[in-house]
Amino acid sequence: MSCAGMAEPGKPEPGHRPLSVLKSSSFRIIASFAGCLVVCGLAGVIWSGTRGISQLDRQMRETVINERNEALADAKHQDVPHLVPVMRDFVQSEPGFYYLLQDAKQVVAVGNMFHLRPHPGWRMLSWTHRTSPPDRRPVLGYGTLLDDGGYLFVGMEGTPLQTLRHGFFMTLLWCGTGFLVIGVAGGFAMSRLLLRRIDLISHTAREIMQGDLSRRLPLTEMDDEFNHLSASLNAMLDRNEALVTRVRQVTDDIAHDMRRPLAHLGRHLDVAEAAVTVPEAGAALDLARASLNEALEIFASLLKLAQLEAYRQIPDGQLVDLAQVLHMLAALYGPTIEQNGQIWRYSSADRPMVVHGNRVLLTQMVSNLLENAMLHVPVGSCITLSAAPEGGEAVILVSDTGPGIAPEDRERVFEKMLRLDASRHVPGNGIGLSLVRAVAQLHGGAITLEDNGPGLRCVVRLPLQPTS
Amino acid sequence: MSQPPCASSLQGASPVRRVLFAEDDRALAIYASEAMAGWGLQVTCAEEGLRGKALALEGGWDCIVLDRRLPGVDGLSILKEIRLSGLECPVLFLTTMDGVRDRVEGLRSGADDYLVKPFALPELKARIETLLRRAEQPLNTARLVFADLELDLVRREVFRRGVKLYIQSQELRLLEYFMRHPLIVISRAMLLQHVWGIDFPVHTNLVETHVSRLRERLGREAPALLHTVKGQGYVLRGHG
């Protein structure tokens, strides 16, 4: 009887929480993309940087080695006395180069540098080794041990190399930071943009789920993929709405049309009852009347349930004090329960518990639970009704010490028309608990069945109206 | 069955009561109006909304039975028109069984009672009877008297033959309802609906329990006042 095409409001739906930008997949995609860019960019910078540096390094070393080889070739013998005139000439004629010729006792023979410890091979020396330092440029050079224990050092300014290295590291740093910032910020902004549209869609979907079937996704000017998606979803929603409307119409028609023959049947029974003289026939007519009433009641309950599930808002919602409702029900049911030989316990809430709701539906909800308990637990069992505010919720408890419900059946009993084998002999139509749940959910609450050890404990939680 | 045990409650010395019955289901209209005629009422039927509205606004009705769904103008609009024009005759609103909203709307719009279709004839009879009774009763009376029973509405006290009885609040509400509508067979559904505001099916012996407790309080030895009418309900009726 319920509308098949509709989002099932009977099912518990997860609460809608707004998506966080950081958790969104668009952010993750864009962030990882940005990460890739950073890595690739840095790799490129490092590759070209190191290439440039090594090229310059090689060139400078070649120059230095050429200069040294030239000096050694001019001197013909690799010792201090032969090298002195050559180097003197070099110092005068080749500016920009640094020379040092010292003997075995590290006494400088010729050169524009202070004496050095005679280490052969490539050396990078600081500016303090130069004799006339107008600036703080370092020296890159090559040292050679001479045959007589002397030491020859030829070098040139190492600044370009150092500047290049420094520049390289700075570039690396700025590029890395820049890529990272642009990547993250861009990802964030893009995600925000995407999320806003996605949120709009999911918000609308939620509204539709809550029963507003006429809602549609807004379309924008841009002919982008979101517009396409929205248009497709809207087309689907149009079709769904048409289907649901038709199902509702059919349900209404069935309700209206079936009432008629059933009403006529009732009238025929009236006539028959008035005319009947045979006692057996009278008894049969009574049974027929009872069956008719039962059919009408099932019918009415199913219609009511379908209606409750389709409601978007509480019909005739107003502020209701649950404590008062329970008090009335306790006064009504208490004596009956005791009369039936069951033990009755009632603990009222000590203060008002105001909810926004429909008084009759809330009354029926608790009444159904009490009736269930009364009909399903044996004489001598205890039936308890209690209520208390707990946080922002009103908690209504209907518990008994009867046979209870097996854990695996506790969810199933909310299904329409389901009656457990154990309760076949008990009056009722199996819609009571479905109605209870529908009413609780309509009021933004929930019902759970728990073990009362022994027995069953029904816990209904309803959001309280904030007291101002 | 169609001759209820207390048909006399509608007749008596007062002039013939005029009832307007606006209902589009012809079979039901004929059947119910025949029954109403049998109860001593003068019934006028309207199968269509516009005609029903015109007839209703003519005035002079003792009671109007109005269906929610009528072709032309629906029952709710007619009801609002009736109240807008200042007519105060009692209105019984017929709603469908799934009309949770209809019932409230009906009462809000000025209906005095509602009855869910399909209904049993005795139920309709009882509803009309209580409405007619209510119309002739002074609204703010301080005490109700029936036979040797006296109910002080202000102090919530009950006396039988001058002796004070101790009756709990639920039973007192029940007694008040019976004493406001004496001699009328009241169904379980009516008691649940009018005394406790319960208009959904109840499968337990709620009403039976409270009626028997009330009987207990009224005195086991004294002549019975609350009678059970099998298959129909209860009636407050004198003895002898």
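Predicted, not measured: the structure shown is a model, and the values here were computed from it.

Caption draft 1: Looking closely at the overall build of chain B. Along its length, chain B carries 8 helices and 11 strands. Considering chain B as a whole, with its 240 residues, one finds that 53% of them fall into the buried category. For chain B, restricting intrachain contacts to residue pairs at least 6 apart in sequence, the fraction spanning at least 24 positions comes to 58%. Summing over all exposed atoms, chain B offers an accessible surface of approximately 10300 Å²; the carbon and sulfur share of this is 52%.

Caption draft 2: Representation of the pattern of salt bridges. Under the defined criterion, the tally for this structure stands at 35 salt bridges over all chains. Ionic pairing is found between Arg437(A) and Glu411(A), a salt bridge with its closest N-O pair at 2.9 Å. Of this pair, Arg437(A) sits in helix α8 (residues 432-442) while Glu411(A) sits in the loop between β10 (393-400) and α8, placing them 26 residues apart in sequence. Among the salt bridges present, the one from Arg103(B) reaches Asp199(B), with a minimum N-O distance of 3.0 Å.

Caption draft 3: Highlighting the packing of aromatic side chains. One pass over the structure, following the stated rule, counts 5 aromatic pairs over all chains. The cationic tip of Arg61(A) hangs over the ring face of Trp122(A); the distance from NZ or CZ to the ring centre is 4.8 Å. The ring of Trp61(B) has Arg18(B) lying over it, and the distance from NZ or CZ to the ring centre is 4.3 Å.

Caption draft 4: Up close: the sheet that holds strand β1 (residues 17-22) of chain B. All names here are of chain B. The parallel open sheet is built from 5 strands, whose spatial order is β2-β1-β3-β4-β5. In this open sheet, the two edge strands, each paired with only one partner strand, are β2 (41-46) and β5 (113-116). For this sheet, the mean angle separating the axes of adjacent strands, direction not counted, is 20 degrees. This element, helix α5 (residues 121-136), spans β1, β2, β3 (63-67), β4 (91-95) and β5 of the sheet and lies at about 175 degrees to β5.

Caption draft 5: Layout of the sheet that holds strand β6 (residues 143-146) of chain B. All names here are of chain B. Taken together, the 4 strands give an open sheet; going across it, the order is β6-β7-β8-β9, and neighbouring strands pair in antiparallel fashion. Edge positions in the open sheet fall to β6 and β9 (163-165), since each of these has one partner strand only. The mean inter-strand angle of the sheet, taken between neighbouring strand axes irrespective of direction, is 25 degrees. Direction of pairing for β6 relative to strand β7 (residues 149-152): antiparallel, over a ladder of 4 bridges. Bridge pairing in β7 links Val145 to Glu150. Of the strands in this sheet, β6, β7 and β8 (157-160) are in contact with helix α6 (residues 169-180), which crosses β7 at around 115 degrees.

Caption draft 6: Structural context of the UniProt feature "transmembrane region" (unreviewed entry) in chain A. Taken from the UniProt record, the annotation "transmembrane region" (unreviewed entry) applies to residues 29-50 and 168-190 of chain A. Helix makes up 100% of residues 168-190 of chain A and strand 0%, and the two end C-alpha atoms of the span are 32 Å apart.

Caption draft 7: Focus on the packing of α6(B) against helix α7 (residues 188-196) of chain B. Residue and element names in this part refer to chain B. In contact at an axis separation of 10 Å, α6 and α7 are set at 110 degrees when each is read in the N-to-C sense. Between α6 and α7, the angle falls in the class roughly perpendicular. α6 and α7 meet at a crossing whose hand is right-handed. Contacts between α6 and α7 involve Gln170, Arg173, Leu174, Tyr177 and Phe178 on the former and, on the latter, Met190, Leu191, His194, Val195 and Trp196. In the contact of α6 with α7, the residues fall into 7 nonpolar, 2 polar and 1 charged.

Caption draft 8: Layout of unusual backbone geometry. For the bond from Gly453(A) to Pro454(A), the omega torsion is -5 degrees, close enough to zero to count as cis. Its place among the elements puts Pro454(A) in the loop between β11 (446-451) and β12 (456-463). Omega for the peptide link from Lys117(B) to Pro118(B) comes to -5 degrees, which places this bond in the cis form. By the secondary structure assignment, Pro118(B) is in the loop between β5 and α5. Here Ala147(B), not a glycine, exhibits a phi torsion of approximately 50 degrees, which is positive. Within the secondary structure, Ala147(B) is located in the loop between β6 and β7. Of note in the backbone geometry, Leu183(B) takes a positive phi value of approximately 70 degrees without being a glycine. Take Leu183(B): it is sitting in the loop between α6 and α7.

Caption draft 9: The packing of α5(B) against α7(B), seen in detail. Residues and elements named next belong to chain B. Interhelical geometry of α5 versus α7 gives an angle of 40 degrees and a closest axis separation of 10 Å. The orientation of α5 with respect to α7, classified from their angle, is oblique. Of α7, the residues touching α5 (which contributes Glu123, Ala126, Arg127 and Thr130) are Ala189, Met190, Gln193 and His194. Per-class residue counts for the contact of α5 with α7 are 3 nonpolar, 3 polar and 2 charged.

Caption draft 10: Region of the structure containing the pairing of strand β4 (residues 139-145) of chain A. Residue and element names in this part refer to chain A. Here β4 lies mainly inside the structure; 5 of its 7 residues are buried. Pairing analysis gives 5 bridges linking strand β3 (residues 121-125) to β4, with the strands arranged antiparallel. Bridge pairing in β4 links Arg123 to Gly141. Pairing geometry for β4 and strand β5 (residues 151-157), over 7 bridges, is antiparallel. Bridged to Leu140 within β5 is Met156. With antiparallel pairing between neighbouring strands as the criterion, β4 and β5 make up a hairpin whose turn holds 5 residues, including Gly149 at a positive phi of roughly 90 degrees.

Caption draft 11: Summary view of the side chain of Asn358(A). Residues and elements named next belong to chain A. Within the secondary structure, Asn358 is located in the loop between β8 (354-357) and α7 (359-376). By relative accessible area, which is 5% here, Asn358 ends up buried. Polar contacts involving the side chain of Asn358 include one to the main-chain amide nitrogen of Val360, which spans 2.9 Å. Apart from residues lying up to four places away in sequence, Asn358 is in contact with Ile314, Pro315, Asp316, Val320 and His443.

Caption draft 12: Highlighting the interface of chain B and chain A. Between chain B and chain A, the contact holds 37 residues from the first and 38 residues from the second. Roughly 3500 Å² is buried in total at the junction of chain B and chain A, and carbon and sulfur atoms are behind 60% of that figure. Across the chain B-chain A interface, the total number found is 2 salt bridges. When the shortest N-O distance is used, the salt bridge between Asp316(A) and Arg108(B) registers 2.7 Å. Across the chain B-chain A interface, the total number found is 7 residue pairs in polar contact (both at pLDDT 80 or more).

Caption draft 13: Layout of the environment of Leu442(A). Residues and elements named next belong to chain A. Inspection of the secondary structure assignment puts Leu442 in helix α8. Each C-alpha atom, one on Leu442 and one on Leu361, is 9.8 Å from the other, the two residues being 81 residues apart in sequence. Apart from residues lying up to four places away in sequence, Leu442 is in contact with Leu308, Tyr311, Gln313, Ile314, Pro315 and Leu361.

The rules behind the values
- Residues numbered from 1 in each chain as written.
- Chains lettered and ligands numbered in written order.
- Predicted model: local features only at pLDDT ≥ 70, side-chain atom pairs only at ≥ 80, totals over all residues.
- Heavy atoms only, no water.
- Helix = DSSP H or I, 4+ residues; strand = E, 2+ residues; numbered from the N terminus.
- Buried < 20%, exposed > 50% of the residue type's maximum accessible area, 1.4 Å probe, protein only.
- Contact = heavy atoms within 4.5 Å.
- Areas by Shrake-Rupley, 256 points an atom, 1.4 Å probe, with all protein chains shown as cover.
- Salt bridge = Lys/Arg side-chain N within 4 Å of Asp/Glu carboxyl O.
- Phe/Tyr/Trp six-rings, centres within 6.5 Å; stacked < 30°, edge-to-face > 60°.
- Lys NZ or Arg CZ within 6 Å of the ring centre and 35° of its normal.
- Pairing = 2+ DSSP bridges.
- Axes fitted to C-alpha atoms, helices over the stretch in contact; angles between N-to-C directions.
- UniProt positions renumbered as here; feature names shortened; annotations may be inferred.
- Parallel < 35°, antiparallel > 145°, perpendicular 65-115°, else oblique.
- Left-handed = near helix turned anticlockwise from the far one by under 90°.
- Nonpolar A, V, L, I, M, F, W, Y, C, P; charged D, E, K, R; others polar.
- Polar contact = N/O pair within 3.5 Å; in protein donor to acceptor, adjacent residues only side chain to side chain.
- Buried area = accessible area lost by both parts, 1.4 Å probe.

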